[in-house]
Amino acid sequence: QQQVKQSPQSLIVQKGGISIINCAYENTAFDYFPWYQQFPGKGPALLIAIRPDVSEKKEGRFTISFNKSAKQFSLHIMDSQPGDSATYFCAASREDSSYKLIFGSGTRLLVRP
Amino acid sequence: DTAVSQTPKYLVTQMGNDKSIKCEQNLGHDTMYWYKQDSKKFLKIMFSYNNKELIINETVPNRFSPKSPDKAHLNLHINSLELGDSAVYFCASSHEGGGLRRHTFGSGTRLTVV
């Protein structure tokens, strides 16, 4: 049973374009939704995170949109750059489970120059 | 000055052997974790420790035994290694900050069982 579903599996975007990655979750008890960026040979690194009491959070070129009623959240990367090429993971967790992260299956993003 | 450091980075060993992976964090975080990333890049929690106490054990075979000698260290010992144990193992730590619990991951240990 996959608690966090992520799509697409891979994404190719031209430099300057917008990259959009979507996630859906099942457990309404989740109260923390981070996005992680992973480069080859490295560990995941926290990119941006949101709590369900907020519908949108923006940090630089990265924005999370959160739809609580639909149990969906998405990552938007504006003005995508070749250096953004990496694997992106959405995740979810809840306070009463010691914040263990339940990850989506990942999206491999390639930004073409 | 690495925040979460794991050793070794690479580990190649034969089936049936016993091996350990070490993890240390210098961030002062109160919770540490082990995650496993399989060949399809899927990341899954294995264990979590809070202040040296085991709080999560995600139905991992008992060949895997975590040990936390202190709040800054969480080691993983694996007995009788099997081919299916081949994966990248990530140590992580977390703390509460700004109303969010922030996880910091190490760079991983790539375990290959032959």
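In this text the structure is predicted, and so the values were computed from the model without any measurement. (Residues numbered from 1 in each chain as written. Chains lettered and ligands numbered in written order. Predicted model: local features only at pLDDT ≥ 70, side-chain atom pairs only at ≥ 80, totals over all residues. Heavy atoms only, no water.)

Engineer: So what exactly am I meant to see when it comes to the sheet that holds strand S1 (residues 4-7) of chain A here?
Structural biologist: Backbone hydrogen bonds are what pair the strands of a sheet, in a parallel or an antiparallel way. Residues and elements named next belong to chain A. Strand order in the open sheet formed by five strands is S1-S3-S8-S7-S6, and the pairing between neighbours is antiparallel. The open sheet has two edge strands with one neighbour each: S1 and strand S6 (56-59). Strand after strand, the sheet turns through a mean of 15° between neighbouring axes, direction not considered. As paired elements, S1 and strand S3 (residues 19-25) share four bridges and run antiparallel to each other. Its bridge partner lying in S3, Gln-6 is registered against Cys-23. (Pairing = 2+ DSSP bridges. Helix = DSSP H or I, 4+ residues; strand = E, 2+ residues; numbered from the N terminus. Axes fitted to C-alpha atoms, helices over the stretch in contact; angles between N-to-C directions.)

Engineer: Looking at this structure, I do not really get the pattern of salt bridges. What am I missing?
Structural biologist: A side chain of one charge can pair with a side chain of the opposite charge if their charged atoms are brought near each other. All chains considered together, the criterion is met by six salt bridges over all chains. With a shortest N-O distance of 2.6 Å, A:Lys100 and B:Glu58 are connected by a salt bridge. With A:Lys100 in the loop between strand S9 (86-92) and strand S10 (102-103) and B:Glu58 in the loop between strand S6 (53-57) and strand S7 (64-70), this residue pair bridges two chains. For the salt bridge of B:Arg63 with B:Glu82, the shortest nitrogen-to-oxygen distance reads 3.5 Å. Linking B:Arg63 in the loop between S6 and S7 with B:Glu82 in the loop between strand S8 (73-78) and strand S9 (87-97), this pair joins segments that are 19 residues apart in sequence. (Salt bridge = Lys/Arg side-chain N within 4 Å of Asp/Glu carboxyl O.)

Engineer: Hey, could you run me through the state of the cysteines in this one?
Structural biologist: Covalent bonding between the sulfur atoms of two cysteines defines a disulfide. Within the structure shown, the criterion is met by two disulfides over all chains. Sulfur-sulfur distance for the disulfide between A:Cys23 and A:Cys90 comes to 1.8 Å. Between A:Cys23 and A:Cys90 the disulfide shows an S-S torsion of about -90°. By sign, it is left-handed. Of this pair, A:Cys23 sits in strand S3 while A:Cys90 sits in strand S9, placing them 67 residues apart in sequence. We note that A:Cys23, like A:Cys90, is buried. B:Cys23 shares a disulfide with B:Cys91; S-S distance 1.9 Å. Taking the torsion about the S-S bond as the criterion, the B:Cys23 to B:Cys91 disulfide, at about -75°, is left-handed. Taken together, the residues B:Cys23 in strand S3 (residues 19-25) and B:Cys91 in strand S9 connect sequence positions 68 residues apart. (Disulfide = S-S within 2.5 Å. Buried < 20%, exposed > 50% of the residue type's maximum accessible area, 1.4 Å probe, protein only.)

Engineer: Whenever I open this one, the sheet that holds S8(B) confuses me. Can you help?
Structural biologist: Residue and element names in this part refer to chain B. Sheet architecture is open: four strands sit in the order S1-S3-S8-S7, paired in antiparallel fashion. If you trace the sheet from one side to the other, it starts and ends with strand S1 (4-7) and S7, each paired once. When strand polarity is set aside, the average angle formed by the axes of neighbouring strands in this sheet is 20°. Relative to S8, S3 runs antiparallel, the two being bridged by four bridges. Paired with Ile-21 across the two strands is Leu-76, which belongs to S8.

Engineer: Teacher, can you tell me more about the packing of aromatic side chains here?
Structural biologist: Aromatic ring pairs: the centre-centre distance and the angle between the two ring planes describe each pair. All names here are of chain A. Under the definition given, this model contains 18 aromatic pairs over all chains. Taking 5.7 Å as the distance between ring centres and 65° as the angle between the ring planes, the aromatic pair formed by Trp-35 and Phe-73 counts as edge-to-face. Of this pair, Trp-35 sits in strand S4 (residues 33-38) while Phe-73 sits in strand S8 (residues 72-77), and the two are 38 residues apart along the sequence. By the burial criterion, Trp-35 is buried, and Phe-73 matches it. (Phe/Tyr/Trp six-rings, centres within 6.5 Å; stacked < 30°, edge-to-face > 60°.)

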